[in-house]
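Summary of structural features
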Amino acid sequence: MTEKIENDVLIIGSGPAGYTAAIYAARANLKPHLVSGLEPGGQLTITTDVENYPGFENVIQGPWLMEQMKEQAVKVGTIFHNDIVTSVDFEKNPFISKTESGKEFVSKSIIIATGAQARWLNLESEKKFKGFGISACATCDGFFFKDQQVAVIGGGNSAVEEAMFLTKFASKVLLIHRRDSLRAEKILQERLFNNKKIEVIWNSKVSEFVGDENPNTLKKIILENTLDSTKTTIDVNGAFIAIGHDPATSLFIDKLKMDEENYIITKPDSTETSIKGVFAAGDVKDKIYRQAVTAAGMGCMAALEAEKYIAESLN
């Protein structure tokens, strides 16, 4: 039997954007409900050391930070559902959202904070060293590879930008690309080729990541040439996968305006989507910064805008 839950604000997704939205909405006495989704806590749950989140002198752990945000949201009155939203209906207000467990939320407003996921190579050895030498965020983890040799896998704008950023810390950056030319913008390529710290390895793909166990430590990458299938091994301390991100927006396709990469479009200086009363915050709409602190800021904005929307709808 379907459990129907009427509410002022439904937050779909967790992570810094969802949790912050929940904190602000609860403090505004909106009694928000939050459906945590497939990966509660988002990408930070697979980020071990976090050194750039304001307010902490020492390195903190990503999963710990997310747990603290969740506990704060609970303490101020957020109602959590360890569930997955499977369908949404934005045709009329109140909005209807259904979940995998059979709940039906009838909501005056909705905040979407489903985030985005980095694309991975999907190698068994890659899973082994995620967070132990393998990362998908140079901005987050580049500092830990000071004066060491690292690799970046990819050939688009994000790969080139990550490689350039890593030269601030690493002694050498190896950019590994499966073709003989990059897809990145010409001006970025020019900067890359002029940087003496960067070496491009063409026509190559990662065959395997190799390292030590207990603790897991990345040491080498085995490459396979895409032209003749020959294999070579390179020594690295870190590897950054930069083959793009995918926003978790499949649930909202044809329901909200999105860009060509399916990131949700919001109004300028706002988190409001193409439908009044529906807001989007964090990596689900942000493909530029993708930081925990910016996601949290947008979560705050979304909650304040939802509060204002509900207040105006009552008048």
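Above this note sits the structure.
As a starting point, this report considers the structure included with it. (Residues numbered from 1 in each chain as written. Predicted model: local features only at pLDDT ≥ 70, side-chain atom pairs only at ≥ 80, totals over all residues. Heavy atoms only, no water.)

**Quick look at the sheet that holds strand E15 (residues 217-225)**
Which entries qualify depends on this criterion: For two strands to count as paired, DSSP must find a minimum of two bridges between them. In this description a helix means any DSSP run of H or I spanning at least four residues, a strand means any run of E spanning at least two, and both kinds are numbered starting from the N terminus. Lines fitted to the C-alpha atoms define the axes, with helices restricted to the stretch that makes contact. Angles between their N-to-C directions range from 0 to 180 degrees.
One open sheet holds the 3 strands; their spatial order is E14-E15-E16, and the pairing between them is antiparallel. Two strands close off the open sheet at either side, each with one partner strand: strand E14 (204-212) and strand E16 (231-235). Pairwise comparison of adjacent strand axes, ignoring direction, gives a mean angle of 25 degrees for this sheet. Of the strand pairs in this sheet, E14 and E15 are connected by 8 bridges, and their pairing is antiparallel. Its bridge partner lying in E15, valine 210 is registered against lysine 220.

**What to know about the packing of aromatic side chains**
Let me state the cut-off plainly: Any pair of Phe, Tyr and Trp rings, taking the six-membered ring for Trp, is counted once the centres come within 6.5 Å. Such a pair is stacked with planes under 30 degrees apart, edge-to-face with planes over 60 apart, and tilted for the rest. By definition here, charges over rings are those cases where NZ of Lys or CZ of Arg is within 6 Å of the ring centre and within 35 degrees of the ring normal.
In this structure the tally under the stated criterion is 11 aromatic pairs. Summarising the aromatic geometry, the rings of phenylalanine 143 and phenylalanine 144 are spaced 6.1 Å apart at their centres and angled 75 degrees between planes, so their arrangement reads as edge-to-face. Seen from their ring centres, phenylalanine 279 and tyrosine 309 are 6.4 Å apart, and the 75 degrees between their planes marks the pair as edge-to-face. With phenylalanine 279 in strand E19 (residues 278-280) and tyrosine 309 in helix H7 (residues 292-314), this pair connects stretches of sequence that are 30 residues apart. Through pairs of rings, three or more aromatic residues link up here, namely Phe143, Phe144, Phe165 and Phe169. One residue, lysine 70, lies across the ring of phenylalanine 80, its end atom 5.3 Å from the ring centre. In this arrangement the basic side chain of lysine 130 is found over the ring face of tryptophan 120, its NZ or CZ atom lying 4.1 Å from the centre.

**A closer look at the state of the cysteines**
Simply put, the disulfide is a covalent bond whose two ends are the sulfur atoms of two cysteines. Counted only if it meets this: The disulfide criterion used throughout: a pair of cysteine sulfur atoms within 2.5 Å. The cut-offs for exposure are 20% and 50% of the maximum accessible area for each residue type, with area from a 1.4 Å probe on protein chains only; residues under the lower value are buried, those over the upper are exposed, and the others partly exposed.
In this structure the tally under the stated criterion is 1 disulfide. Between cysteine 137 and cysteine 140 runs a disulfide, and the two sulfur atoms are separated by 2.2 Å. An S-S torsion of about 70 degrees defines the bridge between cysteine 137 and cysteine 140 as right-handed. Using a relative accessible area of 16% as the deciding quantity, one classes cysteine 137 as buried.

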